[in-house]
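Chain and residue survey
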Amino acid sequence: MDLYDKERAATAAGLRFVSVPDLASVLSTLRELSDGLADGAHVVTHCRAGIGRASLLAAALLILRGTDPDLAWHALEEARGLAVPDTPEQREWTLRLLNRAA
């Protein structure tokens, strides 16, 4: 399955496919996903290794739910068993999210 098939496969499985673009355009979607979590919904994240984009989305949702960014990344490292995030830019992105969402 290539990248273009993932959205179609997710939709066919009854899942909502969300890509993570720049912060300004994704903040409303992140808030919607966070609200869904508060209402009992589940969110599944996926990327090639599960330590970059997937952990970025998970960290973003934890932060929007009130978790300190450092604690969010630590919890994800513990759960994943690997160092996260994949890049320093991803950690910086979550700090910008915290500032923008406040």
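This is a predicted model, so every value here is computed, not measured. Residue positions within a chain follow its written sequence, with the count starting from 1. Given that this is a predicted model, residues contribute local features only at a pLDDT of at least 70 and side-chain atom pairs are listed and counted only at 80 or more, while totals for whole chains, interfaces and linings are drawn from all residues. Side-chain measures here rest on the full set of heavy atoms in the structure, leaving out hydrogens and waters.

**Notes on the packing of helix α3 (residues 53–64) against helix α4 (residues 69–80)**
- The geometry of α3 relative to α4 is characterised by a closest axis approach of 9 Å and an angle of 135° between their N-to-C directions. Taken together, the axis directions place α3 and α4 in an arrangement best described as oblique. Where α3 crosses over α4, the two elements pack in a sense that is right-handed. In this structure, α3 contributes Ser55, Leu56, Ala58, Ala59, Leu62 and Ile63 to the contact, and α4 contributes Pro69, Ala72, Trp73 and Leu76.
- Residues belonging to the contact of α3 with α4 are distributed by class as follows: 9 nonpolar, 1 polar and no charged. Only the stretch in contact is used when fitting a helix axis, every axis being a line fitted to C-alpha atoms; angles between N-to-C directions are given from 0 to 180 degrees. Comment: elements are numbered from the N terminus, with helices defined as DSSP H or I runs of at least four residues and strands as E runs of at least two. Geometric relationships in this document are graded by angle, where less than 35 degrees denotes roughly parallel, more than 145 denotes roughly antiparallel, 65 to 115 denotes roughly perpendicular, and other angles denote oblique. Helix crossings are classified by the rotation of the near helix relative to the far one: an anticlockwise turn of less than a right angle makes the crossing left-handed, while a clockwise turn makes it right-handed. Note on contacts: a residue pair is in contact if any heavy atoms of the two residues lie within 4.5 Å. By the convention adopted, Pro, Cys, Tyr, Trp, Phe, Met, Ile, Leu, Val and Ala count as nonpolar, Lys, Arg, Asp and Glu as charged, and the other residues, Gly among them, as polar.

**Remarks on the confidence of the model for the protein**
- The predictor reports its confidence for every residue as pLDDT, a score running from 0 up to 100. Predicted confidence across the protein gives a mean pLDDT of 85, with 92% of residues reaching 70 or more.
- Ranking the elements of the protein by mean pLDDT puts helix α1 (residues 3–12) last, at 79, and α4 first, at 93.

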